[in-house]
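# Coordinate inspection notes
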Amino acid sequence: MKLSRNWLSRYIDLPMSDDKLSEILTTIGLEVEGVEQIESVKGGLAGIVVGRVLTCGKHPGADKLSVTTVDLGNGNTPVQIVCGAPNVTAGINVLVATVGTTLYGEDGKAFKIKKGKIRGEASLGMICAEDELGLGQRSDGIMILPGDVPPGTLGSDFIDLDNDTVYDIGLTPNRSDATFHIGSARDVASYLTFHSGEIVDVKMPDTSAFKTENTTLEFEVEVIDKVACPRYSGITISNVKMGPSPGWMQKYLNAIDVKPINVIVDITNFVLHEMGQPLHAFDADKIPSKKIVVKKLAEGTEFKALDESTRKLNADDLMICDGNGNGLCIAGVFGGLESGVTDETANIFLESAHFNAGNIRRTSTRHLLRTDAAKVYEKGSDPNVTVAALKRAAQLMVELASGIITSKIIDEYPTEIKPVEIHLKYQKVTDMFGVELPKDEIHSILRAMNMKMSSVGDDSIKVIVPTDKADVTRDVDLVEELMRIYGFNKIPIPTKVQSTISYKEHPDRVAVRNLLSNHLAAQGFYEMMGLSLIESKHYVHQTEIDNSEFVYINNTSNIHLDIMRPEMMRSGLLSVLHNHNRQQLDVRLFELGKSYRSVDEDFKETEYLTLFMSGKRYGESWMVNAKEPVDYFDIKRYVHSVCSRLGIQKYQVSELENDSRFQYGLSYHRGKDEIVRFGAVQGEISDKMGLKTSTYYAEFNMDMIIKTLAKKIKVIEPSKFPNSRRDLAVVVDKSIGFADLKKMARSADKKLLKEINLFDVYIDEDRLGKAKKSYAISYMFEDATKTLKDKDVDKIMNKIMYSYEHQLSAEIRR
C-alpha cells in the first residue's frame, strides 16, 4: 500500500520531517518498506537562483541576442549572461540557472549549463523561461519575478514546487483500519495525541452540502444473499459531464500508482483511498429495469468482464445483477463490460456496499483478480461508512462533473453490525507488555483511538471497538492496539533472563529425524515430501492391504486423490516415476512420512523412513564401470549404514514373506518388532506404474527405531587381552542362508564368541555339487578376563561344526 504525505496532510497537520513520519508509521504497525520522493519539477530547481539584471545591451554579433550582467546575490561578483529573450531588460528580477546546473527538456533529457561563448561573448549561466524550468508552457520570453525578491534567493524557496513523499507500506492482513489515508491519519493522530499530551484532530471531508435535487431517477435494490452482502447502499447522479478529473486529484492518484481514467472513475478511486470504502459506478442507462439484485448465479454462468474477457462463474461468486438476473459486475471484485462507465455516460447509479470478507477473498483468488477494492474487502471493510462514502463521492460528482443527485439514498441494512465489546483486564495488559502500564495511560491510548470505555470493577474495563477494526475481537487484539500506540521501542528490555530447566525424553524423535536426514543427505540421497493422499487405483488387485483399511477422503479439489496412503511404497514410487519421466533415472530418495489405515473403527498412523534407489550405481567416471546398475546389495548397504549410525547392531534376520510389494528381500527385527524391511520392488508394480528401471526400496519403522533406541546403553571397558580368530568353509544347500548359520553359531556360545562375519560365497556345481554353495565365515573370540587358549576356542568351534553337520547336513571343508 502507498501513502502520499501531501494527501495525508489534507486530514492531519504533519509538522515533522519525512524521516520522523516514517519512524512513526513503522512504530504504529504501518511498516515503511520504502520512501519515494516525487518532484513536481524534475530536478527540484537545484542550482536555480534569483538574479537581478543590472545591465542589458545588444550583442555585437547578433541582433536578437542581448548581453547582460546579472547580480546573483550573496556578495558574488555579477556574471555576464547572453540571453535571447525579447523581454529581458535592466532592473528586472529573473531566475538564473548557474554554471553546473542540470536542466531537463520537454523530452526529459538532461543538459548541463556550462561556461561558454555565444557568438564570441562569454556566457556564465542561463536566464530561464517557465517552460525551460518545467513550470509552464512554452513562451517567447523569460520569467520575470517581483522586484522585492532579493537576489541569491533559491528558486526552490521562492516557488512552491508541491513535491510529495510517498511511503510504501507493508500492510499486514489484520490492518483493515489502515487501508486508506484517513485511517492512517487516525492512527498517526492517536500516536501524536498520546505522546504529545495534546489532542490532534483528524479533519474529515465535509459533506454538509450534500442534498438530493430531485427523484427523477429512482432505483430499486433487492439483496437476496444477506450473508454475503450485509449492507448495500446506492444513489443516482444524472447529467454528469464526462472528462478528465482535475489536476489535484490526478496528482494524488498518480502518487500512489493509480492511473487516472475519467472524472467519475477517478472519484470512486479517490474515495476508496481516502475513506477505505470501495465504490462502483454503473451507467444507469444500461440498466433498463432500474433495479439492482444482489445474489449468486448458477455454476458456469458466463460473465463478460470489464477487461473484455469472458469468465465462468462459480456458484459461490456473489454478483450484482439487474432486474432480469443479468450479471452487471462481480460484487466487490470486478466490473462488467455491459454496464461500465464510458465517455458517453450521462447518468450514474453509484454503489457503496459492505460484503463478506471471506466470500470476496475466495472469489478474488479464484478468478485471479487482485483489485484494490477486493484487497480492502477481504481485510474487512467498515460496514458503517457506506453512506458517508456515498455522500462524499456524490458531492464530488456534483462539484467536478456538474452532476445532479436524482434519488434518495437507498440503504439496505437489515441487521445492523454493531461495534464489538471487549472485556479487558489490566493484568492481561501487564502480562503481555511484560511491565505494568498505568491505568491512566491505558485509558489515554484508548481515548486517542476513539474507543469508548466503561469501568467493570477495579481490575478491568469494557471497551467498545469501532467497526473499522474488523480484526480486533479479543482482549489480546486490544492489547496489541495499545502496544502499537504506546510504542514497542518504549517497552523496556529485561536485564536478566529467567528460565526453567527443561529436558526431553530420550530418544528425542525430532533429533532422530534430523540425524537420519543429515546422514542420508551426506550419503548422496535427496529428501522428498510425498503427498499423504493417493489415488486408490494404485491399489487395485493388490493383496497386502484389505480394502476395509483404506481411509477415504471427500476431496472436492481433486477427486482422484481419494484415499490417505495406506503404505509408503507406492506414493514414493510416484516421485521416482516423476524423475524417470524427466530423464533422471539415477535416483536416490528418502522420505520421513506416515501411512494411514482404518483399524477397528479407529485410525492408525505409522511413521516410516523410506529409501528408494534406481538407475546406475556410479556417476560417469573413467575409474569405474559407469553403466553398472544398482542392485539389492546397494540398498542393503545403506540399510546397514542407517542401522550403524543409529547404533542398532543386534537384530534377527528373516526373508520377506507375505508382502507382495517385494520381489525378494529381508526383514530385520527383534522378536515381533520389525525395524526395517527392504528388497527389490515387485516387477508387476514397477510395470504398472511405468518405471523405466529396476527399483529397490527400504522401509524403516520409526516407532520401532525409537523403541530400540530407548533402551539403556551399557558402557564396558575394552578388553586388555588379545582376541582369537577362526575361519571356516562350510558347504550347504542353496536354500540355507548365512543368517541360519549365524544363529546356530550364536546358540553354541554366547560368552566368548563376539563376531561372526561372512567374507566369501563360492558356487561351482562341478566341485561342490548341484544346488550347493560354500560360505567362508570368520569367527572372532575374546575373553575380557584372560588370554584365550587354543583348547578353549577349539571346543566352541567343534560344537559349532557338529551343529552344522548334524542339523543342516553341512559339509566342513578342511
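For the structure, see preceding data.
Reading guide: rules and limits
- Residues numbered from 1 in each chain as written.
- Predicted model: local features only at pLDDT ≥ 70, side-chain atom pairs only at ≥ 80, totals over all residues.
- Heavy atoms only, no water.
- Pairing = 2+ DSSP bridges.
- Helix = DSSP H or I, 4+ residues; strand = E, 2+ residues; numbered from the N terminus.
- Axes fitted to C-alpha atoms, helices over the stretch in contact; angles between N-to-C directions.
- Buried < 20%, exposed > 50% of the residue type's maximum accessible area, 1.4 Å probe, protein only.
- Polar contact = N/O pair within 3.5 Å; in protein donor to acceptor, adjacent residues only side chain to side chain.
- Contact = heavy atoms within 4.5 Å.
- Expected span 1.5 Å × (residues − 1).
- Arc of directions from axis to C-beta.
- Patch = residues over 30% accessible without salt bridge, like charges linked within 9 Å, V, L, I, M, F, W, Y side chains within 5 Å.
- Areas by Shrake-Rupley, 256 points an atom, 1.4 Å probe, with all protein chains shown as cover.
- Salt bridge = Lys/Arg side-chain N within 4 Å of Asp/Glu carboxyl O.
- Lys, Arg positive; Asp, Glu negative; His and termini not counted.
- Charge placed at Lys NZ, Arg CZ, Asp CG, Glu CD.
- Parallel < 35°, antiparallel > 145°, perpendicular 65-115°, else oblique.
- Left-handed = near helix turned anticlockwise from the far one by under 90°.
- Nonpolar A, V, L, I, M, F, W, Y, C, P; charged D, E, K, R; others polar.
- Core = buried A, V, L, I, M, F, W, Y, C linked by side-chain atoms within 4.5 Å.

### Re the sheet that holds strand β2 (residues 32–38)
Sheet architecture is open: three strands sit in the order β1-β13-β2, paired in antiparallel fashion. The sheet is open, and its two borders are formed by β1 (2–4) and β2, each paired with just one other strand. Shown here is a sheet whose adjacent strand axes are inclined to one another by a mean of 20 degrees, direction ignored. Taken together, the six bridges between β2 and strand β13 (residues 164–169) define a ladder with antiparallel strand orientation. Directly across from Ile38, in β13, lies its bridge partner Asp164.

### Some points on the side chain of Thr386
Tracing the backbone through its elements, the reader meets Thr386 in helix α10 (residues 386–401). Classification of Thr386 by relative accessible area gives buried; the value is 0%. At a separation of 3.2 Å, a polar atom in the side chain of Thr386 contacts the side chain of Ser233. Once residues within four sequence positions are removed from consideration, Thr386 is found in contact with Arg231, Ser233, Gln277, Ser352, Ala353 and His354.

### Some details on helix α14 (residues 509–522)
The terminal C-alpha atoms of α14 lie 20 Å apart, and with 14 residues this matches the ideal 20 Å at 1.5 Å per residue to within 8%. For α14, the complete set of buried residues consists of Val512, Leu516, Ser517, His519 and Leu520. Buried residues of α14 fall within an arc of 165 degrees about the axis and therefore sit on the same side. Summarising the geometry of α14, the exposed residues directed more than 90 degrees from the buried face are Asn518 and Ala522. Where the residues of α14 are buried, they touch β29 (526–527), β32 (587–599), β33 (602–614), α16 (632–646) and α18 (702–709). Count one or two residues on from α14 and you reach Gly524, which has phi positive near 100 degrees.

### A look at a positive patch on the surface
Taken together, the side chains of Lys650, Lys714, Lys742, Arg746, Lys751, Lys754, Lys786, Lys789 and Lys791 make up a positively charged region of the molecular surface. Position of Lys742 among the secondary structure elements: in helix α19 (residues 738–748). With relative accessibility at 32%, the residue Lys742 sits in the partly exposed group.

### Focus on the packing of α19 against helix α21 (residues 790–807)
Where α19 contacts α21, the two axes come as close as 9 Å, and the packing angle between them is 135 degrees. Considering the angle they form, α19 stands oblique to α21. Where α19 crosses over α21, the two elements pack in a sense that is right-handed. Along its contact with α19, which presents Leu741, Met744, Ala745 and Ala748, the element α21 presents Lys799, Ile800, Ser803, Tyr804 and Gln807. Among the residues forming the contact of α19 with α21, the class breakdown is six nonpolar, two polar and one charged.

### Brief notes about the nonpolar core
Here is a general trend for soluble globular proteins: nonpolar side chains tend to be buried in one another's company. Of all hydrophobic cores here, the largest spans 76 residues; its most connected members are Leu25, Ile264 and Leu350. Contacts of Leu350, omitting those with residues within four sequence positions, involve Ser233, Gly234, Ile235, Ile237, Thr268, Leu279, His280, Ala281, Leu390, Ala393, Ala394 and Met397. Judged by nonpolar contacts, the second largest core, of 35 residues, contains Val223, Tyr232, Phe334 and Tyr377.

### Observations regarding the environment of Thr212
Along the polypeptide, Thr212 turns up in the loop between α5 (181–196) and β14 (220–223). Along the sequence, Thr212 and Thr406 sit 194 residues apart, while their C-alpha atoms lie 6.0 Å from each other. Only 3.2 Å separates the side chain of Thr212 from the backbone oxygen of Ser407, close enough to count as a polar contact.

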